Amino acid sequence: MPRRGFPPAYPLIHLSSQSRTRFSYVLAREVTMVELLPSILSADFAHLADQVAAAERGGGTVIHVDIMDGHFVPNITLGPPVVKSLRKATSLPLDCHLMIENPNDFIADLAEAGANWASVHYEACPHLHRTLQLIAHHGMKPGVVINPATRVEVLLEVLPMVHHVLIMSVNPGFGGQEFIPFSLKKLSRLAELRRELGLTFKIEVDGGVAHDTVAQVVQAGAELLVAGNAVFGGGHPEQDARALLAAAREAAGE
Ligand code: DX5
Ligand code: ZN
């Protein structure tokens, strides 16, 4: 498999409406399990391995890695070398959220560094379909992200080819911001579209997910819950992750 360049095509699986009905029970179970994705943006970067281990003991099942370039968002974080170090520190999947202007240029390096999931912003990708193909071509699970001001419907054409859709519930760039309430309507709309289309992508939410908002986001349809400040901000990532996940599971009826 070439490290760079674009694949000629991305094979899509088309389910007949009969198959969708037959598997609907299995799919419904799959999409209702909530998972906690600790975001290392709010972790102590000098002790990243320990912080990730603590969040994992607290129930985190995927590590969310925010990659910012100072252009698409007004902040700079980290890149493939840190992903490579994280890869050695945990066996959990690494979910890379790319908040950068030119994601195509970094996809091969991220895959090489050991990233498992990579999501790109609709707002940053003029050729979104091609970029999602490229992510899959490099063996990562493709995801697409929309900012608070972007409507869910713009994603219709690419929904069949993504592993997850990330709804930003704050404007990207910083941890510890306040949850934007109209994100709940967008989560519900996305869940409705998924049912209507018979698709199985996962619904992820990112920004301001904490004790006061987690029940609402879960009830609106989110199942991949990114949390930075609520896990790492208080200095007790294991306990805080455990408590947040317990609240999420209770809201999900799990
Ligand atoms: C913000 C990032 C988030 C951030 C969320 O742009 O995408 O992943 O870590 O932080 P909290 O959970 O603190 O709002
Ligand atoms: Zn993020």
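Residues numbered from 1 in each chain as written. Chains lettered and ligands numbered in written order. Predicted model: local features only at pLDDT ≥ 70, side-chain atom pairs only at ≥ 80, totals over all residues. Heavy atoms only, no water.

### Focus on helix H6 (residues 128–137)
Thinking step 1. With respect to burial, H6 is a largely interior element, 8 of its 10 residues being buried.
Thinking step 2. For H6, the complete set of buried residues consists of Leu128, Thr131, Leu132, Gln133, Leu134, Ile135, Ala136 and His137.
Thinking step 3. Each element contacted by the buried residues of H6 is listed here: helix H5 (107–113), strand S4 (117–121) and strand S5 (141–146).
Thinking step 4. At the C-terminal side of H6, Gly139 shows a positive phi close to 85 degrees. (Buried < 20%, exposed > 50% of the residue type's maximum accessible area, 1.4 Å probe, protein only. Helix = DSSP H or I, 4+ residues; strand = E, 2+ residues; numbered from the N terminus. Contact = heavy atoms within 4.5 Å.)

### Side note on the coordination of the zinc ion (ligand 2)
Tetrahedral coordination by four donors places them ideally at 109.5 degrees to one another around the metal; octahedral coordination by six donors ideally gives 90 or 180 degrees.
Thinking step 1. All of the protein donors around the zinc ion (ligand 2) are His64 (NE2), Asp66 (OD), His97 (ND1) and Asp206 (OD); their distances to the metal are 2.1 to 2.3 Å.
Thinking step 2. Taken in chain order, the donor set of the zinc ion (ligand 2) reads H-x1-D-x30-H-x108-D. On the criterion of sequence distance, the pair formed by His64 in strand S2 (residues 63–68) and His97 in strand S3 (residues 94–99) is long-range, its members being 33 residues apart. The residues His64 and His97 share a single accessibility class, namely buried. (Donors = N, O, S within 2.8 Å, 3.2 Å for Na, K, Ca; no water.)

### A short note on the packing of aromatic side chains
Thinking step 1. Evaluation of the coordinates by the stated rule reveals 0 aromatic pairs.
Thinking step 2. Positioned above the aromatic ring of Phe201, the side-chain terminus of Arg194 is 5.8 Å from the ring centre. (Phe/Tyr/Trp six-rings, centres within 6.5 Å; stacked < 30°, edge-to-face > 60°. Lys NZ or Arg CZ within 6 Å of the ring centre and 35° of its normal.)

### Some thoughts on helix H4 (residues 80–89)
Thinking step 1. Among the residues of H4, those classed as buried are Pro80, Val83 and Leu86. For H4, the angular spread of the buried residues around the axis is 110 degrees, confining them to a single face. Along H4, exposed side chains directed more than 90 degrees from the buried face belong to Pro81 and Lys88.
Thinking step 2. Packed against the buried residues of H4 are helix H3 (48–57), S2, S3 and H5. (Arc of directions from axis to C-beta.)

### Regarding the site of ligand 1
Thinking step 1. Surveying the vicinity of ligand 1 reveals 20 residues, the closest of which are Ser39, Gly173, Gly176, Asp206 and Gly208.
Thinking step 2. Asp66 is positioned such that a nitrogen or oxygen atom in its side chain is 2.8 Å from an oxygen atom of ligand 1.
Thinking step 3. Between ligand 1 and the protein, one listed contact pairs an oxygen atom with a side-chain N or O atom of His97 at 3.2 Å.
Thinking step 4. Contributions of two or more residues to the shell around ligand 1 are made by S2, S3 and strand S8 (224–227).
Thinking step 5. The element best represented in the shell around ligand 1 is S2, accounting for 3 residues. (Near = heavy atom within 4 Å. Polar contact = N/O pair within 3.5 Å; in protein donor to acceptor, adjacent residues only side chain to side chain.)

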